[in-house]
Amino acid sequence: MAEIYVKIFNTPMVQKNGEKVSFPLRKAEALFYYLVVNKQATRDELVNLLWGNLGDKSGRKNLRNTMYRVRKAFDLDVIISPQQQIVTLNPDIKINSDLETFLNDNEDNLKAYTGEFLQGFAVKNAKKFEEWMLSTREYYKQLYINKVYKNIEFDLKDKKYDSIEKWVKTLINLDEFDEKAYRILMKIYAEKEAYNKAIEVYNRLFEILKTELGVEPDVKTKELFREILEMKSFSFDKNKDRPKSFFYGREKELNLLRKNYLNFINSKESKSVVIMGEAGIGKTALKDKFIEQIKSNNIYILETNCYQVEKDYFLRPWNLIFSKLLEIIKSENIDILDSWKNVVSYLFPGFLEKETGTDPIRKIDTLKFGVIEETIINILKKVSTKKKILFIIEDLQWIDKMSLSLLTSILLHIKNNNVMFIGTLRNGYEKEIDKFLALMGKYNIIEKIYLERFSKKETKEIINKTLPKHMISKELQNMIYSETEGNTFFLVEFLKTLKEKGTINVMSSKMKDILKTRFLDISENGRKLIDVISIFFDEAPLDILKETSEKDELEILDIMDELKSKYIIKEIVNLDKISFKFTHQKLRDFIYEEQSLARRKVLHNKIGLILENTLKGNKSDVSIYPKLIYHFQKAGNLLLALKYSIKNISIYLNFSHELFPELDINLGEKNKYLNIDKEESLSYLKDIEKLLQKVKQKDGITKEVKKLEIVFFHMMGRYLIKEGEYEKGIGYIQKVIKKSEDINEYKYILKGYRQMIYYCIQTYNIQLMDKYLKLGLDLAKRQNFKKDIGILLRLKGLNKIMKGEYQEAEELLKESIRIFNMLDKGTSRYLVYIAAAYNYIGDIRRNRMEFSNSLNYFNKAISICENKNILRGLSIFNTRAGQAAFDMGDYKRSREYLRKALNVYNKIDLVWGKAIAQGYMAMIYVKEAKYVDALDYLKKAEENSQKLKNPYEIGLIYRVKAEIKSNMANNEELNKSFSQYLQLPLEKYCEEGITFLKKVKDCYEMDILKALKK
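Since the model is a prediction, treat every value here as computed from it, not as a measurement.

Regarding the overall build of the protein chain
In step 1: In terms of regular secondary structure, the protein chain is built from 45 helices and 15 strands.
In step 2: Against the compact-globule benchmark of 31 Å for 1014 residues, the protein chain has a radius of gyration of 39 Å, which places it well outside the compact range.
In step 3: Along the longest, intermediate and shortest principal axes, the C-alpha atoms of the protein chain span 135 × 90 × 55 Å.
In step 4: By the burial criterion, 55% of the 1014 residues in the protein chain qualify as buried.
In step 5: For the protein chain, the share of sequence-separated contacts (at least 6 apart) that also reach a separation of at least 24 residues comes to 68%.
In step 6: Summing over all exposed atoms, the protein chain offers an accessible surface of approximately 46100 Å²; the carbon and sulfur share of this is 47%.

Quick word on the UniProt feature "repeat: TPR" (unreviewed entry) in the protein chain
In step 1: Feature annotation in UniProt places "repeat: TPR" (unreviewed entry) on residues 835–868, given in this structure's numbering.
In step 2: For residues 835–868, the helix share is 91%, the strand share is 0%, and the end-to-end C-alpha distance is 11 Å.

A word on the sheet that holds strand β15 (residues 577–582)
In step 1: Spatially, the three strands line up as an open sheet ordered β13-β15-β14, and their pairing is antiparallel. Where the open sheet ends on each side, the last strands, each with one partner, are β13 (540–541) and β14 (569–574).
In step 2: Strands β13, β14 and β15 of the sheet are contacted by helix α22 (residues 524–533), whose axis makes an angle of about 90° with β15.

Topic: the domain arrangement of the protein chain
Think of interface size as the accessible area that goes away when the parts come together; that is how it is often given.
In step 1: One can read the domain layout of the protein chain as domain 1 (4–139), domain 2 (159–238), domain 3 (251–334 + 386–452), domain 4 (458–517) and domain 5 (701–784).
In step 2: Using only C-alpha atoms to locate each centre, domain 1 and domain 2 end up separated by 41 Å.

What about the environment of K287?
In step 1: Relative to the helices and strands, K287 resides in helix α11 (residues 283–293).
In step 2: Apart from the residues within four sequence positions on either side, K287 is in contact with I275, E303, I392, E394 and I422.
In step 3: Reaching out from K287, the side chain makes a polar contact with the side chain of E303 at a distance of 2.5 Å.
In step 4: At 3.0 Å, the side chain of K287 forms a polar contact with the side chain of E394.

Quick notes on the nonpolar core
In step 1: With 196 residues, the main nonpolar core has F32, F129, W318, F391, I410 and F421 as its most contacted residues.
In step 2: Excluding residues within four positions of it along the chain, I410 makes contact with W318, I376, I377, L380, F391 and V419.
In step 3: Core analysis: the next-biggest nonpolar cluster, separate from the first, contains 115 residues, Y830, A861, L874 and L986 among them.

Side note on the sheet that holds strand β6 (residues 86–89)
In step 1: Pairing is antiparallel across the open sheet formed by three strands, whose spatial order is β4-β6-β5. Of all the strands in the sheet, just β4 (40–42) and β5 (79–83) have a single pairing partner and so form its edges. Strand-to-strand twist across the sheet, computed as the mean angle between neighbouring axes with direction ignored, equals 30°.
In step 2: Bridge analysis of β5 against β6 gives three bridges, and the strand direction is antiparallel. Bridge pairing in β6 links I79 to L89.
In step 3: Contacts between helix α2 (residues 43–51) and the sheet are confined to β4, β5 and β6, with β4 contributing the most and set at about 85° to the helix.

So, the pattern of salt bridges
In step 1: Going through the model one piece at a time under the given rule, you end up with 58 salt bridges.
In step 2: D288 is the salt-bridge partner of K287, the closest N and O atoms lying 2.7 Å from each other.
In step 3: Since its relative accessible area comes to 3%, K287 is described here as buried.
In step 4: One connected set of salt bridges, linked through shared partners, spans D162, E165, K169, K192, K197, D558, D561, K564 and E571.

Reading the values: rules and limits
Sequence order as written defines residue numbering, which begins from 1 separately in each chain. The predicted origin of the model limits local features to residues at a pLDDT of at least 70 and limits the giving and counting of side-chain atom pairs to 80 or more, whereas totals for whole chains, interfaces and linings rest on all residues. Calculation of side-chain values draws on the structure's entire complement of heavy atoms; hydrogens and water are dropped beforehand. Counting from the N terminus, the helices are DSSP H or I runs at least four residues long and the strands are E runs at least two residues long. C-alpha atoms define the radius of gyration in this analysis, and the globule rule sets the expected value at 2.2 Å times the number of residues to the power 0.38. Buried, partly exposed and exposed residues are distinguished by accessible area as a fraction of the type maximum, computed with a 1.4 Å probe on protein chains only: under 20%, between the cut-offs, and over 50%, respectively. By the convention used here, residues are in contact when the closest approach between their heavy atoms is within 4.5 Å. Areas reported as accessible are Shrake-Rupley estimates using a 1.4 Å probe. Residue values count occlusion only from the protein chains shown. UniProt positions are given in the numbering used here, feature names are shortened, and annotations may be inferred rather than shown by experiment. The criterion for strand pairing is that DSSP finds at least two bridges linking the strands in question. Axes here refer to lines fitted to C-alpha atoms; in helices the fit is confined to the stretch in contact. Angles between the N-to-C directions go from 0 to 180 degrees. Domains are outlined according to an automatic or database domain assignment. Polar contact is the term for a pair of N or O atoms within 3.5 Å; when the atoms are in protein, one must be able to donate a hydrogen and the other to accept it, and sequence-neighboring residues count only if both atoms are side-chain atoms. In plain words, nonpolar cores are sets of buried Ala, Val, Leu, Ile, Met, Phe, Trp, Tyr and Cys residues tied together by side-chain atoms within 4.5 Å. By convention in these notes, a salt bridge is any Lys or Arg side-chain nitrogen within 4 Å of a carboxyl oxygen on Asp or Glu.

Structure (structure tokens):
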């Protein structure tokens, strides 16, 4: 007897006696499937189903023909019509189907559902059949889902988590929006204490819902997520979902750490700790063991690493700490001033909770590092009143100077025993670390723990505790000690290999062979992943591993479980972002070196390009530049390495000598607070210059290379001018102009012109300034660059002021204001330019000795800057207002303006106008009989006036000296205070001042000096 099997789920198929049945027509096949599902049907039903678009007569005829064709295909009367109106399958023929199996309540019923009902099957001109098929498909799908949920219910009672995980993943594949399934998966991961996997499941659901539907998970899911986060935080010190590292001995060191920590927690006398020793000696293992033993819910633990490749990139280790600190502030509802957050975000962009739409650079401008340090210390003091803070910084030998400076300040200034620091430090550190340790030792702040190699006796004890007795022999003990010399890392790796493999040829083995053996039984997928992870010098983020491996997150996490179980890889979770790194740097180095150079280059370039796509085009990109430079250099992609090297160094150079530069794009103008000395800066710049030459040799002089060369020359020129090397700096700026003209790079031609104009302002070279103003305005107008026209009109207005042509100057400045008001459109982007123009109009009034009127314009400029917190403007505009108020005899008002100006100068790195503010304040203090303060300010004013070589500022300081000198003859106390400093006769100070002020057109201060000279 014939046996017929029908596969109706997934791609449909029919077999007779094991051989596939081919239907001559799609509608014949459709008719058969319909009867398999429904067993029987009326002729009218079938005609309407398949030939509803034809008349009744034609439809019935087609039905008869189709039934005949079905019988012919089977060579059996598989379809019969026992009554005239009824069509049915022949009950005498055995027909089995996966549908029948699915509908039964046995163990295999779910296995029968291999895909959707009649998946991929379609019939032309049969709308009713299509509707029936789709509704039936949905019915069986829902039936399958219900059956799966029923199975999950049973498995939950028996805690069969592996089975549940399999079924839930099946449900998610069927419906990626099924939140119930995601919640079950999150719950079972939480039950297994695999909290990071649960968090990743939620993040995946959140991303899918947000991307595909524009919604967020429902309340139940969010509540579960919060519960899991709480569970994770309470179980942090257990680390149950992580394999424990090997640890032996070090009881003395552990006891010291424990005792010190207990004193710290109980507010008794305690110290910070630096754990020192050679590479692989067990510094991190000791730190980890200590952290395992403390209750982390009693304290905030902020941990970070220093990396060798980031040693030349400032403050990199602190980025992670301040991101974690922000999370603590949010989760604990700690009230921190917005102004504090803004100040800290100046160095650490991630510290702002959300994008404000305004770059903090524009708001805060050129803050000095000391101000930011002070703010950071205030924040830490506030947070540590809630819970004490433990900083952990690994590999201090690779910390950068600024990070070390910040750490030093924190440890010196938070003396209320609420902050503790633990660091690890490898032998062979540099002199900066030596100075740090000496300073901390002087104030009794840090305790040093030295880790030595294990002795031969200790090594034997470790072997006896680690290996099975039958494996141990005296010869083996001696050979292991000889091979490892008591170094913890090598000893642990040796013993792990012996334990896992059972034997090893110790006589001929070297450590490289031992390391190689450690990786032999890792799965192919595991090996591929550790190859990729080794390409990262720090941590490999899960999202990048996903992109490079083309596997989903859960697949990667499953593979990582294998690697974690072998203690090769450890999982790092920061702010719910999962990353992976090797348990020891030597393992990473070994895997990295094992790969071919070609493979490493390809992976470095791929990762670099992925990271490049994460750039946001704002200040937060600063944290990514060092990684881009590293990967592109290792990939041999010198062009992109050069591009990001230039972007990165521009952040650390300071161009605060330029008056009112473009606050929205020149990131570099803020950073003298980084205290990079000239030697360091030039070293960086020379390295970039060498890289530029390599790029030119490798890629040729392409347009892109020319553009990068222009950007570099522009940066180099500005830097040299800032350092007072005008001739060299101007040489680079001239190259910028020439090379930009060669490729029609108009924006950089204009930047070159503007740089020359700034130089002319500093040196009061009016004739040369005329030339570049004309060139700049002509080009800007030809290209219709409105912003540049506005800037150049303002600078031309200043040029006219310098010539004493005040009427023309005011017209130009008002036109500049009109342009920027038109461009601004409520964005506040150009307000600093508008304020600067008002300031110059105020200068016109002041030069005409219309002091009261000038203050109206200075106050307009000040008001704009106060509203937008533009510190650079506040310094200069208050200085000008202070001058006007002083020279109109309103000393009280002058003092207030100057006090505000000097407060700002103390917070930012700006030389322009500083000498004037200090000089005038010296005269105020003389009038108040505060002669010591007056002398101090005059000395500072003279020093600062020499930095820019500006004849007006130098001339004004001579005016200050002359005024004080003129009063010394009739004031014994004043004479006593200043006699050593002002030793020249009054006439000499007047003459020197007049000599400098002659270069300034219509300068009323020169008349003051002439009057004093008489």
